[in-house]
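Coordinate analysis (summary)
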Amino acid sequence: MKNIVFFCFFLIIFGCGITPFASPIITGVIMWKEGEAQKYYNEQPKTIYRATKMALKGLNLTLNSDKVYQNGHLLMAGDQDKFKIFVREVKPSITEVKIRVNFMGDKPYAELLYKSIDV
């Protein structure tokens, strides 16, 4: 009985501490770090890149620049609100999409773009 209680206590204390570090691997979780959003997709980078461009077009955001940058694509979009989007392959068939809106970041606006990419 003591072992079960100790195991449950250990799992609750240390499991909760590990969860934030394990969550970026799961598709559908948006991580925030210093005003920049990160999300991982279980797709090829070209597929997510095309979906991102279509999402920008669907939200009527102008694409200002599209560059190949450090093994990925750097997209700059928007007129009043500036979007900086970086799409890159992390591992085979795992793609990371980073979004920063304006200088400080805008969480609801970035989540709207992620939802548009998901569709």
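The paragraphs below set out a description of the structure included in this document. (Residues numbered from 1 in each chain as written. Predicted model: local features only at pLDDT ≥ 70, side-chain atom pairs only at ≥ 80, totals over all residues. Heavy atoms only, no water.)

A few points about the overall build of the chain
When helices and strands are tallied, the chain shows 3 helices and 6 strands. Across the 119 residues of the chain, 29% fall into the buried class. Surface accessibility of the chain: about 8300 Å² in total, with carbon and sulfur atoms responsible for 63%. (Helix = DSSP H or I, 4+ residues; strand = E, 2+ residues; numbered from the N terminus. Buried < 20%, exposed > 50% of the residue type's maximum accessible area, 1.4 Å probe, protein only. Areas by Shrake-Rupley, 256 points an atom, 1.4 Å probe, with all protein chains shown as cover.)

Notes on the packing of aromatic side chains
In this description, a pair of aromatic rings is defined by centroid distance and the angle of the planes. Taken as a whole and judged by the stated rule, the model has 2 aromatic pairs. Aromatic side chains tyrosine 69 and phenylalanine 86 sit 6.0 Å apart centroid to centroid with 80° between the ring planes, which places their arrangement in the edge-to-face category. Placement of tyrosine 69 in strand β3 (residues 63–69) and of phenylalanine 86 in strand β5 (residues 83–91) is noted, with a sequence separation of 17 residues between them. Tyrosine 69 sits in the partly exposed class, given a relative accessible area of 40%. Using a relative accessible area of 12% as the deciding quantity, one classes phenylalanine 86 as buried. For the ring pair phenylalanine 83 and tyrosine 109, a centre distance of 4.8 Å and an interplane angle of 70° mean the geometry is edge-to-face. With phenylalanine 83 in strand β5 and tyrosine 109 in helix α3 (residues 107–118), this pair connects stretches of sequence that are 26 residues apart. The exposure class of phenylalanine 83 is buried, given its relative accessible area of 2%. (Phe/Tyr/Trp six-rings, centres within 6.5 Å; stacked < 30°, edge-to-face > 60°.)

Some thoughts on the nonpolar core
Of all hydrophobic cores here, the largest spans 20 residues; its most connected members are Phe83, Ile85, Val97, Ile99, Leu113 and Ile117. Listing elements by their share of this core, those giving two or more residues are β2 (36–41), α2 (45–58), β4 (72–77), β5, β6 (94–101) and α3. No other element matches the 5 residues that α2 contributes to this core. Setting aside its immediate chain neighbours within four residues, valine 97 contacts Ala37, Gln38, Lys39, Tyr41, Ile48, Ile85, Phe86, Val87, Tyr114 and Ile117. (Core = buried A, V, L, I, M, F, W, Y, C linked by side-chain atoms within 4.5 Å. Contact = heavy atoms within 4.5 Å.)

Worth remembering: the numbers are spatial, not functional.
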